[in-house]
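# A look at the structure
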Amino acid sequence: LYDMKRLLTLAVMSVVAVLCCMKASAGNFGIIGGVNFFSTSIKEINADTKTQWHAGITYKLDLPAGFQFQPALLYNVKGAKIGDKMVNTDLSVGYAELLASVQWGLDLIAFRPFVDVSPFIGYATNGTGGLKGLWKEVGNRFEWGVGVGGGIDIWRFQIAARYNWNFGRIMDATLDQLKEVSVEGLRSANFNGVTLSLAYFF
């Protein structure tokens, strides 16, 4: 666990250093934000989509052959509505997240459509909702996964949509702990869903 924390810290610090040292040329640095539509991979009980949000900074680097590399530092809130006959509650978790989008697209002068693959890692800073107390005790702080999607660049604006698979568990609780609140499925669950983003580059 300590090694994972150290690795995440070094990764975030490295990206920040690179972003700060790069020349702030027009159209490269940007701000990004949008909405999330996430649920969980729980099969035992109903898990409905919960709408949340994300926001942060990004940088776009042109590469040969139509490729671009676009890292982003985000605050990303993910959550789900969880319920069955015994419990009806929700859980949202806010992550400090590092996303690294690799894009390929066609420059059509007026606009640029693209597809992308976006691996990400994150560290949970807080949890809210009906399961906040349980999450504070046994929540898994680390997440990692990948998003796949596409978008379009128009002038200094970028619109993107991705489906995100998260491979980090929400809880590190034992089965007995989760049975107490009738959400045993959270032991192996994670947040998966769609993000819609809008970025503006200066």
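What you are looking at is a predicted structure, and each value in this text was computed from that prediction instead of being measured.

Criteria and cut-off values
- The numbers attached to residues start from 1 for each chain and follow its sequence in the written order.
- Confidence filtering applies because this is a predicted model: local features only for residues at pLDDT of at least 70, side-chain atom pairs given and counted only at 80 or more, and all residues used for totals across whole chains, interfaces and linings.
- Only hydrogens and water are removed before side-chain values are computed, so all heavy atoms of the structure are retained for them.
- Elements are defined by DSSP. Helices are runs of H or I of four residues or more, strands are runs of E of two residues or more, and each kind is numbered from the N terminus.
- Burial classes: relative accessible area under 20% of the type maximum marks a residue as buried, over 50% as exposed, and values in between as partly exposed (1.4 Å probe, protein chains only).
- Any two residues whose heavy atoms approach within 4.5 Å at even a single point are treated as in contact.
- A carboxyl oxygen of Asp or Glu within 4 Å of a side-chain nitrogen of Lys or Arg is what we treat as a salt bridge.

Mapped onto the fold, Leu99 is located in strand β5 (residues 88–105). A relative accessible area of 8% means that Leu99 is categorised as buried. Separated by 25 residues in the primary sequence, Leu99 and Leu74 place their C-alpha atoms 7.6 Å from one another. Residues within four places of Leu99 in sequence aside, it is in contact with Gln70, Pro71, Ala72, Ser118, Pro119 and Phe120.

A word on the pattern of salt bridges. Scanning all chains against the criterion turns up 6 salt bridges. Across the pair Asp153 and Lys60 runs a salt bridge, and its minimum N-O distance is 3.9 Å. Taken as a pair, Asp153 in strand β7 (residues 142–154) and Lys60 in the loop between β2 (46–59) and β3 (61–62) lie far apart in primary sequence, 93 residues in all. For Asp153, a relative accessible area of 6% corresponds to the buried category. Lys78 is paired through a salt bridge with Glu143; the nearest N and O atoms lie 2.9 Å apart. Residue Lys78 is found in strand β4 (residues 67–83), and its partner Glu143 is found in strand β7; the two are separated by 65 residues along the sequence. Owing to a relative accessible area of 3%, Glu143 belongs among the buried residues under this scheme. Connected through salt bridges with shared partners, the residues Lys60, Arg112 and Asp153 form a single ionic network.

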